[in-house]
Amino acid sequence: MEKNKLVLYNTLTRRKETFEPINPTHVGMYVCGPTVYGDPHLGHTRPAITFDLLFRYLKAEGYKVRYVRNITDVGHLEHDADEGEDKIAKKARLEQLEPMEVAHYYTERYHKYMDMLGVLSPSIEPHASGHIMEQIDFVRRIIDAGFAYESNGSIYFDVEKYNAQHHYGCLSGRNLDDIVTDTRRLDGQEDKRHSYDFALWKKASPEHIMRWASPWSDGFPGWHMECSAMSTKYLGERFDIHGGGMDLMFPHHECEIAQSTAALGHDSARYWVHNNMITINGKKMGKSYNNFITLEQMFDGSHEALAQAYSPMTVRFFILQAHYRSTLDFSNDALQAAEKGLDRLMKGIEALGKAKPAATSTINAAELEERCAAAMADDLNSPMVISALFDWVRIFNSLAEGTQTATAEDLELLRATVNRWVFDILGLRDEKAASTGGKDMVTPLVEMLLDMRMKAKQEKNWALSDEIRDRLTAIGIRVKDRKDGYDWEIE
Ligand code: ZN
């Protein structure tokens, strides 16, 4: 069978393209990470899980992947990096903390919740504050290339000059006229030549806490600069994939492309991949809608919009059930359905574990792998992977009941396929079993003991046979003897 070639939707070209990495064995991937100003929330889940899926899949396909995901700890405003008081600085001033204390606290919280969601740690997680030198150097390259100007100690990108030679707006499909209309409304543009120019370096006001020395002023880099500087440092001037949420396409990614093109003469990333956004009960998440849900609230059910607590794997499974480029609405009904679906999948896998080999197979065991592989290669179609798994859950149950049969070889193939797709690539885990110490370990251990018990019975060692059963019962594992073997379950 020919291997499925990954086809990815490239936002830059607006079409699906066959994925051909620059180096055939190594993939470089950069994803815009969290700003560590506040507690991790539902908005963090979709980009983290989408690019975790891509990371896991590429690795499972045999690529060596260098996945770089940054931490934005140099404070920037949410809507406009150029103006006003920096958020970390404000919180630090109010609570008399070092800004890095605030950033560190929320970075740790982010890691904790990503871990619960089964999101793997990236290969490198560079902090913007640790790469000020690289950012200053990148700004200097843009100035030397003639695409930036100084004004009162700040450095701005000259969008008009750039746009005369390149297309500013190529990623989001805008042209400069649209952007003029969009940006004209903003206040406080006094240092800039044009409203659409963006800061590469900003001179700090006297009360600004986070500041660094530069050739132009004591100040701080513009928000877009960290991703250009850090992706170039760790992945080189050309790399394969740049990812992030759709909300970052403009201005953030547009500005990154302009910065790279101005400094290096070309865009850095070959494939731009964007996940769609989430809504909550049909509305954008935001404090004004009273639907801003942190991950802590999601997992303990304490937010008033939630009918119950939802486990991390329910949230992960729910997100994977939608294609990453589709919109996704969080509602209690949809989450409860996901919770039931995940339970059904895990029970099916448990049934597969109990199926006994037969002399012949009534099933085509290779079909599951073929369907999953074809779906995933088609622009990461995780909902189709899950739909193939659900079709096979019915077969797993039949195999356990004996209404369908499979040879030992076929059972082994199915178990390997499930491990690869459910646990390695989709990154799910069986939370119920995990609470008793990790399903992956429990099953072989219990079965080893029960096989030893069968042997003891054959040797008429009733004392040992009973002891094994009683001690398993004592730790909550119920054993049922059958004519030709045994059944067991965790109570
Ligand atoms: Zn970024």
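Residues numbered from 1 in each chain as written. Predicted model: local features only at pLDDT ≥ 70, side-chain atom pairs only at ≥ 80, totals over all residues. Heavy atoms only, no water.

Enquirer: Looking at this model, I keep getting lost on the packing of aromatic side chains. Mind explaining?
Expert: In this description, an aromatic ring pair is defined by two values, namely the gap between the centres and the angle between the planes. According to the stated counting rule, one finds 16 aromatic pairs in the structure shown. The interplanar angle of 10° and the centroid separation of 4.8 Å between the aromatic rings of F157 and F198 together place this pair among those described as stacked. In this pair, F157 sits in strand β6 (residues 154-157) while F198 sits in the loop between α6 (176-183) and β7 (199-203), placing the two residues 41 residues apart along the sequence. Taken individually, F157 and F198 each receive the classification buried, so the pair is uniform in this respect. On the numbers, 6.3 Å between centres and 20° between planes, the contact of Y168 with F198 is stacked. Of this pair, Y168 sits in the loop between α5 (159-165) and α6 while F198 sits in the loop between α6 and β7, and the two are 30 residues apart along the sequence. Side by side, Y168 and F198 carry an identical accessibility label, which is buried. Through successive ring pairs, a cluster of aromatic residues spans F147, F157, Y162, Y168, F198 and F250. The ring of F250 has R174 lying over it, and the distance from NZ or CZ to the ring centre is 4.0 Å. For R325, the ring lying beneath its charged end belongs to Y9, and the centroid distance is 4.1 Å. (Phe/Tyr/Trp six-rings, centres within 6.5 Å; stacked < 30°, edge-to-face > 60°. Helix = DSSP H or I, 4+ residues; strand = E, 2+ residues; numbered from the N terminus. Buried < 20%, exposed > 50% of the residue type's maximum accessible area, 1.4 Å probe, protein only. Lys NZ or Arg CZ within 6 Å of the ring centre and 35° of its normal.)

Enquirer: Looking at this model, I keep getting lost on the domain arrangement of the protein chain. Mind explaining?
Expert: Size of an interface: often given as the accessible area lost when the parts come together. When its domains are assigned, the protein chain resolves into domain 1 (9-275), domain 2 (326-431) and domain 3 (436-490). Look at where the C-alpha atoms of domain 1 and domain 3 centre, and you get two points 55 Å apart. (Domains from an automatic or database assignment.)

Enquirer: What is the right way to look at the sheet that holds strand β9 (residues 239-245) in this model?
Expert: Pairing between the strands of a sheet comes from backbone hydrogen bonds, and it takes one of two forms, parallel or antiparallel. Ordered by their spatial adjacency, four strands build an open sheet running β4-β3-β9-β10, and the pairing between neighbours is parallel. Each edge of the open sheet carries a strand with a single partner, namely β4 (64-69) and β10 (269-275). Across the sheet, the mean angle from the axis of one strand to that of its neighbour is 20°, orientation sign disregarded. Alignment of strand β3 (residues 26-31) against β9, held across three bridges, turns out to be parallel. Of the residues in β9, the one forming a bridge with M29 is I241. Together, β3, β4 and β9 form the strand contacts of helix α7 (residues 223-235), whose direction differs from that of β3 by roughly 165°. (Pairing = 2+ DSSP bridges. Axes fitted to C-alpha atoms, helices over the stretch in contact; angles between N-to-C directions. Contact = heavy atoms within 4.5 Å.)

Enquirer: Looking at this structure, I do not really get the sheet that holds strand β12 (residues 283-284). What am I missing?
Expert: Within the open sheet, the three strands sit side by side as β12-β11-β13. Their pairing is mixed. Unpaired on one side and paired on the other, β12 and β13 (328-330) mark the two borders of the sheet. Along the sheet face, helix α1 (residues 42-60) touches β11 (278-280) and β13 and points at about 150° away from the line of β11.

Enquirer: What exactly am I supposed to notice about helix α12 (residues 366-377) here?
Expert: Side chains three or four residues apart in an α-helix point the same way, a direct result of the helix having 3.6 residues per turn. Compared with an ideal rise of 1.5 Å per residue, which puts twelve residues at 16 Å, α12 spans 17 Å between its outermost C-alpha atoms and is within 8% of the ideal. Buried residues along α12 sit against β1 (7-10), α1, α13 (382-401) and α14 (408-425). Of the residues trailing α12, D379 is marked for its positive phi of about 55°. (Expected span 1.5 Å × (residues − 1).)

Enquirer: I tried to follow the side chain of R420 on my own but got confused; where do I start?
Expert: Within the secondary structure, R420 sits in helix α14. Here the side chain of R420 touches A60 through a polar contact of 3.5 Å, landing on its backbone oxygen. Contacts of R420, omitting those with residues within four sequence positions, involve A60, E61, E369 and I425. (Polar contact = N/O pair within 3.5 Å; in protein donor to acceptor, adjacent residues only side chain to side chain.)

Enquirer: Any chance you could explain the coordination of the zinc ion here in plain terms?
Expert: Around a metal, the perfect tetrahedron of four donors has angles of 109.5 degrees, and the perfect octahedron of six donors has angles of 90 or 180 degrees. Around the zinc ion, the donor atoms from the protein are C32 (SG), C227 (SG) and H252 (NE2), and they sit 2.0 to 2.1 Å away. Read N to C, the donor residues that coordinate the zinc ion are spaced as C-x194-C-x24-H. Here C32 is found in the loop between β3 and α1, whereas its partner C227 is found in helix α7, with 195 residues between them in sequence. (Donors = N, O, S within 2.8 Å, 3.2 Å for Na, K, Ca; no water.)

Enquirer: Explanation requested: the pairing of β7 in the structure shown.
Expert: Within a regular strand, side chains alternate between the sheet's two faces. The element β7 is largely enclosed, with a buried count of four among its five residues. Pairing geometry for β6 and β7, over two bridges, is antiparallel. Pairing of Y156 across the sheet is with A199, part of β7. Sheet analysis places β7 next to strand β8 (residues 219-221), joined by three bridges and oriented antiparallel. Each bridged residue has a counterpart across the sheet, and for K203 the counterpart in β8 is G219.

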